[in-house]
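Here is what each chain is made of, one letter per residue.
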Amino acid sequence: MVHLLDNIFWHALTGPQAHWAVGSGGARRYAPGFSPIVGFANPQLPDFDALTPHCGPDEHFYCAGWSGPAPAGWVVEAETTMHKMVWAG
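So, how was this worked out
- Residues numbered from 1 in each chain as written.
- Predicted model: local features only at pLDDT ≥ 70, side-chain atom pairs only at ≥ 80, totals over all residues.
- Heavy atoms only, no water.
- Pairing = 2+ DSSP bridges.
- Helix = DSSP H or I, 4+ residues; strand = E, 2+ residues; numbered from the N terminus.
- Axes fitted to C-alpha atoms, helices over the stretch in contact; angles between N-to-C directions.
- Buried < 20%, exposed > 50% of the residue type's maximum accessible area, 1.4 Å probe, protein only.
- Polar contact = N/O pair within 3.5 Å; in protein donor to acceptor, adjacent residues only side chain to side chain.
- Contact = heavy atoms within 4.5 Å.
- 1 Å grid on protein atoms, 1.4 Å probe; cavity = no way out; pocket = protein on both sides within 12 Å on 5 of 7 lines; lining within 4 Å.
- Points joined across faces, edges and corners; volume = space filled by probe spheres on them.
- Nonpolar A, V, L, I, M, F, W, Y, C, P; charged D, E, K, R; others polar.

Caption draft 1: Spatial organisation of the sheet that holds strand 2 (residues 27–30). Taken in spatial order, the three strands line up as 1-2-3 in an open sheet, and their pairing is antiparallel. The sheet is open, and its two edges are formed by strand 1 (21–24) and strand 3 (38–40), each paired on a single side. Going from strand to strand, the sheet's axes swing by 20 degrees on average, the running direction of each strand aside.

Take a look at the structure:
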């Protein structure tokens, strides 16, 4: 279970919550109207080109495992830390 936390958004969007996801290739997002979370198969090299057709202008998203300059057409508004925890109970 802990290894799922290594890429939690991707595992959720391609696993148990895939029916609420849209996307292609190495990128998925929750469908409009759900949480503004995106996941990438490889968070260190996110496939923004695969994600773009599934996004509207001025939408805001959260992703995990990636940091760096924004590719053309995208803007990083904030970088922060996310803590992932497992309840062992």
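Caption draft 2: Molecular detail of the side chain of R29. By secondary structure assignment, the location of R29 is in strand 2. When its relative accessible area of 2% is taken as the criterion, R29 is described as buried. One polar contact links the side chain of R29 to the main-chain carbonyl oxygen of H54, over a distance of 2.7 Å. When neighbours within four sequence positions are excluded, R29 is seen to be in contact with L13, W20, A21, V22, I37, V38, L51, H54, C55, E59 and F61.

Caption draft 3: Main features of the side chain of N7. Residue placement: N7 occurs in the segment before helix 1 (8–14). Relative accessible area serves as the criterion here: at 13%, N7 is assigned to the buried category. One polar contact links the side chain of N7 to the main-chain carbonyl oxygen of A41, over a distance of 3.3 Å. Each residue touching N7, except ones within four places of it in the same chain, is listed here: F40, A41 and P43.

Caption draft 4: View of the environment of R28. Residue placement: R28 occurs in strand 2. Along the sequence, R28 and F40 sit twelve residues apart, while their C-alpha atoms lie 6.5 Å from each other. Filtering out sequence-adjacent residues up to four positions away, R28 remains in contact with W10, L13, T14, V22, G23, I37, V38, G39 and L51. In terms of polar contacts, R28 uses its side chain to reach the backbone carbonyl oxygen of G25, at 2.9 Å.

Caption draft 5: Quick look at empty space enclosed by the protein. Here the structure, examined in full by the defined rule, presents one cavity of 30 Å³ or more. Estimated volume of the largest cavity: approximately 40 Å³. Around the largest cavity sit L5, D6, N7, I8, F9, P43, A64, G65 and K84, which together line it. For the lining of the largest cavity, a count of residues per class yields five nonpolar, two polar and two charged.

Caption draft 6: Broad picture of the pairing of strand 1. Note: strand 1 against strand 2, four bridges, orientation antiparallel. Bridge pairing in strand 2 places S24 opposite A27. Taken together, strand 1 and the strand that follows it, strand 2, pair antiparallel across an intervening segment of two residues, in which G25 is found at a positive phi of about 55 degrees.

Caption draft 7: Main features of the environment of G68. Within the secondary structure, G68 sits in the segment after helix 2 (48–51). Between the C-alpha atom of G68 and that of W87, which follows or precedes it by 19 residues, the distance is 31 Å. When residues no more than four places from it in sequence are discounted, the contact partners of G68 are V76 and E79.

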